[in-house]
Amino acid sequence: MLAKRKNKTVNRVFTYLLIAVIGLALLYPIIWMFFASFKTNEEIYGSTRLLPAGFSFHNFVDGWKGNGVYTYARYFFNTFKLVIPVTLLTLVSSTLAAYAFERFRFRGKNILFAVMIALLMLPNSVLMIPRYSMYSGWGWINTYLPFYVPAALASNSFFIYMLVQFLHGIPGELDESACIDGCGSFRILVQILLPLMKPALFSAGLFQFMWTYNDYLNQLIFINSGEKYTVSLALRMSLDAEAIVNWGKVMAISFIAVLPLMILFFAAQKYFVEGIATSGLKG
Amino acid sequence: MKTNGKKTGSGRIAYRKRDRVAYLYLLPWLIGLVMLQFFPFFSSLYYSFTDYKVTGGMNWIGLDNYIRLFTKDADFHNSLKVTVLYTLYTVPLKLTMALAIAMFLNRDIKGINLIRTLYYIPSLFGGSVAIAVLWKLMFLDNGVINAMLTALHLPNIQFWGDHRYALKTICSLEIWQFGSSMVMFLAALKNVPKELYEAADIDGSGKIAKFIHVTLPQISPIIFFTLIMQTIQALQNFTSAFVITNGGPLKSTYVLGMMLYKEGFAYFNMGYASSISWVIFAMIVVVTLLLFRSSSAWVFYEDEEK
């Protein structure tokens, strides 16, 4: 009896130990990145030391200054100016489309729904070049319209699919009982369904925020002047800017760049984890 | 798909009338479908049969681009190989790790939410430039990873300089982000009915038998879905190869996504680049079809039972 319990305790200790070791290995790069922000190149090169010699915010202050023309205040401002409207527009347009697919019967619905699902597998790379030609013909290059407009037109099926799944779980009787009192379909959406959809909308919004924030290829293609640069573009440029890269500075900015995602994640982790678990998605 | 509302008598007319408004809700998506999906889709197919350049005109050249890709362009052969390798290295490893750790965590432990959260963190950063830069620094010749190897009395490796290691090192960045797949698997594992395991216990099945006959079939739909999405993503990889190695050394990390970018947006050979994009697309279609074909053999859906 006692031996068995002892065995169980040993087992448990071993489990937690393994969990801690894996967790530390996974998070070590991020932890290392944070401390590298305080180091000089000499401290970084050839050293296994984690902690810096001193905690001076020198690298952060220098890094933030950017290339001398624009500071990172500008790049962060641009990034949010791009990411936040994209996120909100995606939510509005995807909600409308999901509502149509889930709550109405109309001609061609099955085909359109199948098309919407098939688009999940259509790679961005196929559309990139014609979209570029189109946008450049309309004078959209070096503006944020190539990001805003697709968001406003629900171009990412993933979010429609996610919201359809969620709406499917809300009983239709709710809408009908509201309708007896004679309210229109738009009021049903806004007053009855939207409040219930909050968790799903939150998850969808977080993922769109994260993906747009991390996206690099589209920003590289559609934005080409320094004043419009986002953090991703500026960071990539900073590697080429100087003959000798000041890694501490680059790490400081990189750390600041990933910080908003981490803060958002910890503030809303429930929605992240539930969003992935319920909808199933790419990394 | 679900429908709602009873359709009898005058209710039917009311219902129909009400349904017409659906097109209004669908309008933004429909406009986007035509303007931002169908039109570019067929344009890019058309471009791929032309010599379209930003600087010049556009002439129909039939299959020339494809013939050049497959018979003459050594870069393309290399990129095809590199992309397939990247996919083969990352997807199975990432999913196996996600599944193994999900299985390990799928037990009665305190603080599981915190653990799940912490393991998910690497996935937050996806293809972000900041993390690609971090990887570049850590795996430098005199970076922290080599310093650790030295401390362990192991030989140092030129992770970025040696064409035998560069691609694998880039893959490590992708595999590090297994957390999102893990969270999905964990959710699927939680949904496996306990009775199935109890029944297996009565049959005297061992752990491995239980895994093969109970766990795997039950979570196979999720594995299937993740496999497809991860493969599609891997075939299009761009950022890490571009930011860290710029395709080098010796083009050992010159993935198709990068070749497409270079041809299209550095050399402005839009027609040629379009044909590359269609090869990527064809690969995705083939892999997806193969997976779907094979799915009847190994993906188990609840409904089939009945």
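Because the structure is predicted, anything quoted here is derived from the model rather than measured. (Residues numbered from 1 in each chain as written. Chains lettered and ligands numbered in written order. Predicted model: local features only at pLDDT ≥ 70, side-chain atom pairs only at ≥ 80, totals over all residues. Heavy atoms only, no water.)

Asks: Where do I start with the overall build of chain B in this structure?
Replies: A count of helices and strands for chain B gives 14 helices and zero strands. Listing each helix as α and each strand as β along chain B from the N terminus yields α-α-α-α-α-α-α-α-α-α-α-α-α-α. For chain B, whose C-alpha radius of gyration is 25 Å, the value lies well above the compact-globule estimate of 19 Å for 306 residues. Considered along the principal axes of its C-alpha atoms, chain B spans approximately 70 × 65 × 35 Å. The buried share among the 306 residues of chain B stands at 52%. Taking contacts inside chain B between residues at least 6 apart in sequence as the whole, the part at least 24 apart equals 67%. Across chain B, the 27 positively charged side chains and the 18 negatively charged ones have centroids separated by 8 Å. (Helix = DSSP H or I, 4+ residues; strand = E, 2+ residues; numbered from the N terminus. Rg over C-alpha atoms; globule rule 2.2 N^0.38 Å. Buried < 20%, exposed > 50% of the residue type's maximum accessible area, 1.4 Å probe, protein only. Contact = heavy atoms within 4.5 Å. Lys, Arg positive; Asp, Glu negative; His and termini not counted. Charge placed at Lys NZ, Arg CZ, Asp CG, Glu CD.)

Asks: Please clarify how the interface of chain A and chain B should be interpreted in this entry.
Replies: For an interface, size is often stated in terms of accessible area lost upon the parts coming together. If you look at the interface, chain A gives 97 residues, while chain B gives 98 residues. Summing both sides of the interface, chain A and chain B together bury roughly 9100 Å²; the carbon and sulfur share of this comes to 75%. For the chain A face of the interface with chain B, the top three residues by lost area are Leu26(A), Arg105(A) and Ile129(A), together amounting to 8%. Between chain A and chain B we count 16 residue pairs in polar contact (both at pLDDT 80 or more) in total. At 14 residues, the largest contribution of residues to the side of chain A that touches chain B is made by helix α1 (residues 2-36) of chain A. Split by residue class, the side of chain A that touches chain B holds 68 nonpolar, 19 polar and ten charged. (Buried area = accessible area lost by both parts, 1.4 Å probe. Polar contact = N/O pair within 3.5 Å; in protein donor to acceptor, adjacent residues only side chain to side chain. Nonpolar A, V, L, I, M, F, W, Y, C, P; charged D, E, K, R; others polar.)

Asks: Can you help me understand empty space enclosed by the protein in this one?
Replies: Unfilled space is identified by rolling a water-sized probe across the atoms. Enumeration over the complete set of coordinates arrives at two cavities of 30 Å³ or more. Empty space within the second largest cavity amounts to approximately 80 Å³. Together, Tyr213(A), Asn214(A), Val231(A), Ser232(A), Leu235(A), Ala257(A), Val258(A), Leu261(A), Ser128(B), Val129(B) and Ala130(B) line the second largest cavity. When contributions to the lining of the second largest cavity are tallied by element, the ones reaching two or more residues are α10 (185-214), α12 (231-241) and α13 (247-267) of chain A together with α6 (129-138) of chain B. Here the lining of the second largest cavity is built from residues that sort into eight nonpolar, three polar and no charged. (1 Å grid on protein atoms, 1.4 Å probe; cavity = no way out; pocket = protein on both sides within 12 Å on 5 of 7 lines; lining within 4 Å. Points joined across faces, edges and corners; volume = space filled by probe spheres on them.)

Asks: Sorry, what's going on with the nonpolar core here?
Replies: Core analysis: the biggest nonpolar cluster contains 193 residues, and Phe101(A), Trp29(B), Leu105(B) and Phe125(B) have the highest contact counts within it. If we ignore the near neighbours within four places in the chain, the residues touching Trp29(B) are Ala97(A), Phe101(A), Leu112(A), Met116(A), Leu153(A), Ala154(A) and Ile160(A). (Core = buried A, V, L, I, M, F, W, Y, C linked by side-chain atoms within 4.5 Å.)

Asks: Looking at this structure, how should I read helix α7 (residues 144-151) of chain B?
Replies: It helps to recall that an α-helix has 3.6 residues per turn; residues three or four apart then point in one direction. Buried within α7(B) we find Val144(B), Ile145(B), Asn146(B), Ala147(B) and Leu149(B). Among the residues trailing α7(B), His153(B) stands out with phi positive, at a value near 60°.

Asks: It is not clear to me how a nonpolar patch on the surface should be interpreted in this structure. Could you clarify?
Replies: All names here are of chain B. Together, Leu-24, Leu-27 and Ile-31 make up an exposed nonpolar region whose accessible area comes to about 280 Å². Tracing the backbone through its elements, the reader meets Ile-31 in helix α2 (residues 22-47). Residue Ile-31 is classed as partly exposed on the basis of its relative accessible area, which comes to 40%. (Patch = residues over 30% accessible without salt bridge, like charges linked within 9 Å, V, L, I, M, F, W, Y side chains within 5 Å. Areas by Shrake-Rupley, 256 points an atom, 1.4 Å probe, with all protein chains shown as cover. Salt bridge = Lys/Arg side-chain N within 4 Å of Asp/Glu carboxyl O.)

Asks: When you look at the packing of helix α10 (residues 194-202) of chain B against helix α11 (residues 207-235) of chain B in this model, what are you seeing that I'm missing?
Replies: Residues and elements named next belong to chain B. Where α10 contacts α11, the axes come no closer than 10 Å and their chain directions differ by 165°. Classified by the interaxial angle, the pair formed by α10 and α11 is roughly antiparallel. Every pair of crossing elements has a handedness; the one defined by α10 and α11 is right-handed. Within the contact between the two elements, α10 uses Leu-196, Tyr-197, Ala-200 and Asp-201 and α11 uses Lys-210, Val-214, Thr-215 and Gln-218. Looking at the contact of α10 with α11 residue by residue, the class counts come to four nonpolar, two polar and two charged. (Axes fitted to C-alpha atoms, helices over the stretch in contact; angles between N-to-C directions. Parallel < 35°, antiparallel > 145°, perpendicular 65-115°, else oblique. Left-handed = near helix turned anticlockwise from the far one by under 90°.)

Asks: Honestly, the domain arrangement of chain A in this entry has me stumped. Any pointers?
Replies: Residues and elements named next belong to chain A. Parsing chain A into structural domains produces domain 1 (2-58) and domain 2 (61-279). Distance between the C-alpha centres of domain 1 and domain 2: 33 Å. Summed over both sides, the interface of domain 1 with domain 2 buries roughly 940 Å², with 65% coming from carbon and sulfur. When the buried area of domain 1 at its contact with domain 2 is split by residue, Met-33, Asn-41 and His-58 rank highest and sum to 46% of it. Here domain 1 and domain 2 share zero salt bridges between them. On the surface where domain 1 and domain 2 come into contact, there are six residue pairs in polar contact (both at pLDDT 80 or more). Contributions of two or more residues to the side of domain 1 that touches domain 2 are made by α1 and α2 (41-44). If one sorts the elements of the side of domain 1 that touches domain 2 by residue count, α1 sits on top with four residues. (Domains from an automatic or database assignment.)

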